[in-house]
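The residues making up each chain are set out below.
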Amino acid sequence: QVQLVESGGGLVQAGGSLRLSCAASLRTFSMYFMAWFRQAPGKEREFVAAIRGNGGNTYYADSVKGRFTISRDDAKNTVYLQMNGLKPGDTAVYYCAARFIYDDTYYDPSIYGYWGQGTQVTVSS
């Protein structure tokens, strides 16, 4: 059974940093396209960042570009999201997602087959 387990969320003041981790029980993890999404109360789930397999290209939402960095360690079956310069608007539940094959519509949550349970990130002003 595939599992994605996020960790690293918490409460931080505006301007602070957090590092999220997502450990995946995926065979051939290095071949998976991995992404982070977030969902704030009353809002739709939105794309944050993604990374191709084997340390390939990365993709970011405009709202986080320059502040967030996605990376992966294929030896540990883990993907990370380093979040710097956090703003109150970043407050949301952050989800890890996996897809076996890259797709140009990587920003669409419906194309991902595997999801984690989410981790809460709260940024206070």
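Our subject is the structure that appears above.
Cut-offs used in this document
- Residues numbered from 1 in each chain as written.
- Predicted model: local features only at pLDDT ≥ 70, side-chain atom pairs only at ≥ 80, totals over all residues.
- Heavy atoms only, no water.
- Helix = DSSP H or I, 4+ residues; strand = E, 2+ residues; numbered from the N terminus.
- Buried < 20%, exposed > 50% of the residue type's maximum accessible area, 1.4 Å probe, protein only.
- Polar contact = N/O pair within 3.5 Å; in protein donor to acceptor, adjacent residues only side chain to side chain.
- Contact = heavy atoms within 4.5 Å.

### Let's talk about the side chain of Thr119
At step 1: The residue Thr119 is located in strand 11 (residues 119–124) in this model.
At step 2: The exposure class assigned to Thr119 is buried, which follows from its relative accessible area of 11%.
At step 3: Side-chain polar atoms of Thr119 contact the backbone nitrogen of Gly9, separated by 3.2 Å.
At step 4: Excluding residues that lie within four positions of it along the chain, Thr119 makes contacts with Glu6, Ser7, Gly8, Gly9, Leu20, Ala92, Val93 and Tyr94.

### Remarks on the environment of Gln39
At step 1: Of note, Gln39 is situated in strand 4 (residues 33–39).
At step 2: The exposure class assigned to Gln39 is partly exposed, which follows from its relative accessible area of 26%.
At step 3: Every residue in contact with Gln39, bar those within four places of it in the chain, is listed here: Glu44, Arg45, Ala92, Val93 and Tyr95.
At step 4: At 3.3 Å, the side chain of Gln39 forms a polar contact with the side chain of Arg45.

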